[in-house]
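Breakdown of the fold
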Amino acid sequence: MVAVASHQLAQCISGHAWNVDLTMIAVCTNNEVHIYNASPAPSAVWQRLHVLQKHDQLVSGVDWAPVSNYIVTVSHDRNSYVWKLEENVWQPTLVILRINRAAISVKWSPRENKFAVASGAKSVCVCYYEEDNNWWVSKIIRKKHGSTVTGVAWHPNNVVLLATTSTDCKCRIFSAYIKGVDSRSAATTTFGEIRFGEQLVQLDLALGWAFGVKWSPSGRSLAYVGHDSTIHFIDDVGPSPIAQTLALRDLPLRDVLFLSEKRLVAGGFDCNPMLFASDDTGTWNFVRFLDEGKTPASDVKASTQFSEAFGKFYGQAKRGVAAESPSSAPGTYHNNCITLLNPLAPPGEQEIRKFSTSGMDGKVVIWDMSTISDALARLGM
């Protein structure tokens, strides 16, 4: 098993984030954020230290800045707060988002002077701090998305490039350059000189809702997933990107995480992280499920699957008994959809060996890839 620890923290978790030294974790549970004294160690006992209470509806995203130690949260109540620890108490500051739909997810920029908020208003808010007025304000990327923005990701080496995914089935890259916040040199990229909100790339690879966009450690590659059970890899991100799509026979994915330039993990409705690797030619392939308790789809006959499903739903309808989810079979760590993957490594790490997952089952699971990573390295992957 590559999973080394599992913690049941809530009935459902919509997001989680670690502090810089991996000693605390912030977990979104309904309209609150719980902060635990935590550790990735298998035998660690997690103790709740703080509860952040300010939102009125579901907290849909959280991110923890490694250097400034600020926590940013967003919610379906259309608000965002930046939390600062003062005398062992987390003090909130309201962020003016100016949106009329739910906030979906949030991410700090690499320099922590900005953060991006995805929203159901078909827009992205890029927020920054105004010292003169002592508050956080936002500039909005409007009229570029056709539907809800599901995810945002900052380029690791370039604070002005922002990738997004949306339920209009597209992935896009925008300029998030803000005059007075970013240096003038940051406005010049491989795309030339850019201005705020300018759409630089649009990828029409998925035939379903798009989720989980992430950059590789170097920023040369990009990956995201589609609700049509596809995963998309884009290399040489620039004016002429190179794309590769893998169609999966399993359930759709929700999020991805680059472990290195040649390895990636993804999780979703199969409740089991999937490992992908790139060979010497740059071709990406599926390697294996990480949770060894899962039975491969090829080992189960379609007729057996149909008979089991029919029997469960017939019993539910006949006797009013809740049908058991196939994903809750013994041996699997998650028993509901995985919605988020986070690295357990310092910022800028080129090779990640540990990561955490959370999902709709209310669990946070720690995964150790050391053994598998060494085996893949021997194979040149």
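Residues numbered from 1 in each chain as written. Predicted model: local features only at pLDDT ≥ 70, side-chain atom pairs only at ≥ 80, totals over all residues. Heavy atoms only, no water.

**Details of the overall build of the protein**
A tally of helices and strands in the protein yields 2 helices and 30 strands. Looking at the protein as a whole, 52% of its 381 residues are labelled buried. Considering only residue pairs separated by 6 or more positions, the protein has 49% of its internal contacts joining residues 24 or more positions apart. Approximately 17300 Å² of the protein is accessible, and the part contributed by carbon and sulfur atoms is 49%. (Helix = DSSP H or I, 4+ residues; strand = E, 2+ residues; numbered from the N terminus. Buried < 20%, exposed > 50% of the residue type's maximum accessible area, 1.4 Å probe, protein only. Contact = heavy atoms within 4.5 Å. Areas by Shrake-Rupley, 256 points an atom, 1.4 Å probe, with all protein chains shown as cover.)

**Here's the deal with the UniProt feature "repeat: WD" (unreviewed entry) in the protein**
Here the UniProt feature "repeat: WD" (unreviewed entry) sits at residues 52–86. Note that residues 52–86 is 0% helix and 57% strand, and that its end C-alpha atoms are spaced 13 Å apart. (UniProt positions renumbered as here; feature names shortened; annotations may be inferred.)

**Structural notes on the sheet that holds strand β30 (residues 363–368)**
Ordered by their spatial adjacency, 4 strands build an open sheet running β1-β30-β29-β28, and the pairing between neighbours is antiparallel. Two strands lie at the open edges of the sheet, namely β1 (3–8) and β28 (338–343), each paired on one side alone. Shown here is a sheet whose adjacent strand axes are inclined to one another by a mean of 20°, direction ignored. Pairing of β28 with strand β29 (residues 354–359) involves 5 bridges; the strand directions are antiparallel. Its bridge partner lying in β29, Leu341 is registered against Thr357. (Pairing = 2+ DSSP bridges. Axes fitted to C-alpha atoms, helices over the stretch in contact; angles between N-to-C directions.)

**Quick notes on the side chain of His155**
Tracing the backbone shows His155 in the loop between β14 (149–154) and β15 (161–166). On the basis of relative accessibility, which here comes to 10%, the residue His155 falls in the buried class. Polar contacts involving the side chain of His155 include one to the main-chain amide nitrogen of Asn157, which spans 3.1 Å. Excluding its chain neighbours within four sequence positions, the residues that come into contact with His155 are Pro110, Leu161, Trp215, Ser218 and Gly219. (Polar contact = N/O pair within 3.5 Å; in protein donor to acceptor, adjacent residues only side chain to side chain.)

**Details of unusual backbone geometry**
Peptide bonds are trans in most cases, and residues, glycine excluded, mostly fall at negative phi. In this structure, Asn69 takes a positive phi of about 65° despite not being glycine. Within the element layout of this structure, Asn69 appears in the loop between β6 (59–64) and β7 (71–75).

**Some remarks on the packing of aromatic side chains**
Overall, the coordinates contain 14 aromatic pairs when judged by the stated rule. By way of ring pairs, the aromatic residues Phe233, Phe258, Phe276, Trp284, Phe286 and Phe289 are connected into one cluster. Sitting above the plane of the Phe196 ring, Lys139 keeps its charged end 4.7 Å from the centroid. Looking at Arg254, its charged tip hangs above the ring of Phe211, at a distance of 4.3 Å from the centre. (Phe/Tyr/Trp six-rings, centres within 6.5 Å; stacked < 30°, edge-to-face > 60°. Lys NZ or Arg CZ within 6 Å of the ring centre and 35° of its normal.)

**Let's talk about the sheet that holds β14**
Strands sit in the order β14-β15-β16-β19 across an open sheet of 4 strands; the sheet is antiparallel. Each edge of the open sheet is held by one strand with a lone partner, namely β14 and β19 (199–203). Across the sheet, the mean angle from the axis of one strand to that of its neighbour is 20°, orientation sign disregarded. Strand direction decides the pairing type here: β15 and strand β16 (residues 171–175), joined by 5 bridges, are antiparallel.

**Some thoughts on the state of the cysteines**
Across all of its chains, the model carries 0 disulfides by this definition. A disulfide-free cysteine, Cys12 has its sulfur positioned 9.5 Å from the sulfur of Cys337, the nearest such atom. Of the residues examined, Cys12 reaches a relative accessible area of 35% and is grouped as partly exposed. (Disulfide = S-S within 2.5 Å.)

**Digging into the nonpolar core**
Of all hydrophobic cores here, the largest spans 21 residues; its most connected members are Ile173, Leu200, Leu203, Val213, Trp215, Leu222 and Tyr224. Those elements that provide at least two residues to this core are β15, β16, β19, β20 (210–215) and β21 (221–226). Ignoring sequence-local partners within four residues, the contact set of Trp215 consists of Ala153, Trp154, His155, Pro156, Ala163, Ile173, Ser221, Leu222, Val237 and Phe258. (Core = buried A, V, L, I, M, F, W, Y, C linked by side-chain atoms within 4.5 Å.)

**A closer look at the pattern of salt bridges**
Close approach of charged atoms allows side chains with opposite charge to pair. For the structure on display, the rule yields 9 salt bridges. As a salt-bridge pair, Glu351 and Arg353 come within 3.7 Å of each other at their nearest N and O atoms. Of the residues examined, Glu351 reaches a relative accessible area of 32% and is grouped as partly exposed. Judged by its relative accessible area of 30%, Arg353 is partly exposed. Each of Arg263, Glu351 and Arg353 takes part in one network of salt bridges that share partners. (Salt bridge = Lys/Arg side-chain N within 4 Å of Asp/Glu carboxyl O.)

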